[in-house]
Amino acid sequence: MRTNVSLLVLYLSFGIWFAQCHTAKEFPSYPPNPTTNPIDSSIEWIKIKESVWIHKSFGSFQGKTYPSNGLVVLTNKGVVVIDTPWTEPQTEELIQSIQTKFQKQIVFVIVTHAHDDRMAGVSSFQKRKIPVYSTQLTAKLAKENGYGIPSPILDIQTRFSLGNGSVEVFYPGPGHSPDNIVVWLPDTHILFGGCLVKALEAEDLGNLKDANVVEWESSVKRVLSRYPDAEVVVPGHGNWGKLDLLRHTIRLLISPNH
Ligand SMILES: [Zn+2]
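Computed from a predicted model, the values in this text were never measured in an experiment.

**Digging into the overall build of the protein**
Within the protein, the secondary structure is distributed over seven helices and twelve strands. When burial is assessed residue by residue, the protein has 48% of its 258 residues classed as buried. With the model as given, the accessible surface of the protein reaches about 12,900 Å², and the carbon-plus-sulfur share is 54%.

Below, the structure is given as structure tokens:
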């Protein structure tokens, strides 16, 4: 009997330990709770592949601090940046870091919708004569919101080739915002979902000020059916993962109190 009790205690201890490890690994705390003000801190770099990095910056929304993701795509003919960091000083730092870290020129920037976490740093690129591309709708909304004026050359679907790399943008319909686009990297099968896509650790839909919660699900489904072979999915905020981020977003839309 004593042996059975000991075994039971052992099993329980193991169970609790396993649950803690599992929770810590699968669902890191969100948003993070750093001791210094992260908005003033440096850009963080997360390498997905040799040629594709996440640039992560921090900003505040309704008094809370959140991380925000953009991408840096390296080719043998230069660099493509997807979305600016959340502030102008962070964007200045990003531009300098790209030069020192990779010794390559930034050829163009794509912004994925007209909110400050995507395009607060547009002028930092434009004053260096680096073009910033968007859809017509994003350019119109950006002008109305005072975020600068990107070049509205992107269509519902536009593909760029640059040296040994290519980048495709796709507008799936409204969701987080009326103008949100996603970016597909066909060479590495990486999908940048931007704010249309929520991270697995996100428990709600975030900023709904300009959202269309009726159309959002259909828009995510269009992305799912267009890029079924995506291996990595990067959300606008939080940890990157796989296609289950899109399914998680749909779950949040179907039952917002999930
Ligand atoms: Zn947004």
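**Description of a nonpolar patch on the surface**
A cluster of nonpolar residues, Leu208, Val213 and Val214, forms a patch on the protein surface that exposes about 270 Å² of accessible area. On the secondary structure map, Val213 appears in the loop between β11 (190–194) and α6 (216–226).

**So, the coordination of the zinc ion**
For the zinc ion, the protein coordination sphere consists of His113 (NE2), His115 (ND1) and His176 (NE2), at 2.0 to 2.1 Å. When the donor residues of the zinc ion are listed from N- to C-terminus, their spacing reads H-x1-H-x60-H. Placement of His113 in the loop between β5 (106–110) and α3 (116–119) and of His176 in the loop between β9 (165–170) and β10 (182–185) is noted, with a sequence separation of 63 residues between them. His113 sits in the buried class, given a relative accessible area of 1%.

**A short note on the environment of Asn207**
Counting through the fold element by element, Asn207 comes out in the loop between β11 and α6. Between the C-alpha atom of Asn207 and that of His176, which follows or precedes it by 31 residues, the distance is 7.6 Å. Setting aside anything within four residues of it in sequence, one finds Asn207 in contact with Phe61, His115 and His176. Polar contacts involving the side chain of Asn207 include one to the main-chain amide nitrogen of Lys209, which spans 3.0 Å.

**As for the sheet that holds β11**
Taking strand neighbours across the sheet as the criterion, the five strands line up as β8-β9-β10-β11-β12 in an open arrangement whose pairing is mixed. Sheet topology places β8 (157–162) and β12 (232–235) at the edges, where each strand pairs with a single neighbour. With direction set aside, neighbouring strand axes in the sheet form an average angle of 20 degrees. Across six bridges, the pairing between β8 and β9 is antiparallel. When the bridges of β9 are listed, Arg159 appears paired with Glu168. In this fold α6 packs onto β8, β9, β10 and β11, with an angle of close to 150 degrees to the strand it touches most, β9.

**A word on helix α5 (residues 136–145)**
Three or more residues of α5 are buried, namely Thr138, Ala139, Leu141 and Ala142. The inward-facing, buried residues of α5 contact α3, β6 (132–135) and β7 (151–154). Positive backbone phi, at 75 degrees, marks Gly146, one or two positions downstream of α5.

**A few points about the packing of α6 against helix α7 (residues 244–254)**
Where α6 meets α7, the axes come as close as 10 Å, and the angle between the chain directions of the two elements is 165 degrees. Between α6 and α7, the angle is such that the two are roughly antiparallel. Handedness of the crossing formed by α6 with α7: left-handed. Along the contact surface, α6 presents Trp216, Glu217, Val220, Lys221, Val223 and Leu224, while α7 presents Leu246, Arg247, Thr249, Ile250, Leu253 and Ile254.

Scoring rules and cut-offs
- Residues numbered from 1 in each chain as written.
- Predicted model: local features only at pLDDT ≥ 70, side-chain atom pairs only at ≥ 80, totals over all residues.
- Heavy atoms only, no water.
- Helix = DSSP H or I, 4+ residues; strand = E, 2+ residues; numbered from the N terminus.
- Buried < 20%, exposed > 50% of the residue type's maximum accessible area, 1.4 Å probe, protein only.
- Areas by Shrake-Rupley, 256 points an atom, 1.4 Å probe, with all protein chains shown as cover.
- Patch = residues over 30% accessible without salt bridge, like charges linked within 9 Å, V, L, I, M, F, W, Y side chains within 5 Å.
- Salt bridge = Lys/Arg side-chain N within 4 Å of Asp/Glu carboxyl O.
- Donors = N, O, S within 2.8 Å, 3.2 Å for Na, K, Ca; no water.
- Contact = heavy atoms within 4.5 Å.
- Polar contact = N/O pair within 3.5 Å; in protein donor to acceptor, adjacent residues only side chain to side chain.
- Pairing = 2+ DSSP bridges.
- Axes fitted to C-alpha atoms, helices over the stretch in contact; angles between N-to-C directions.
- Parallel < 35°, antiparallel > 145°, perpendicular 65-115°, else oblique.
- Left-handed = near helix turned anticlockwise from the far one by under 90°.

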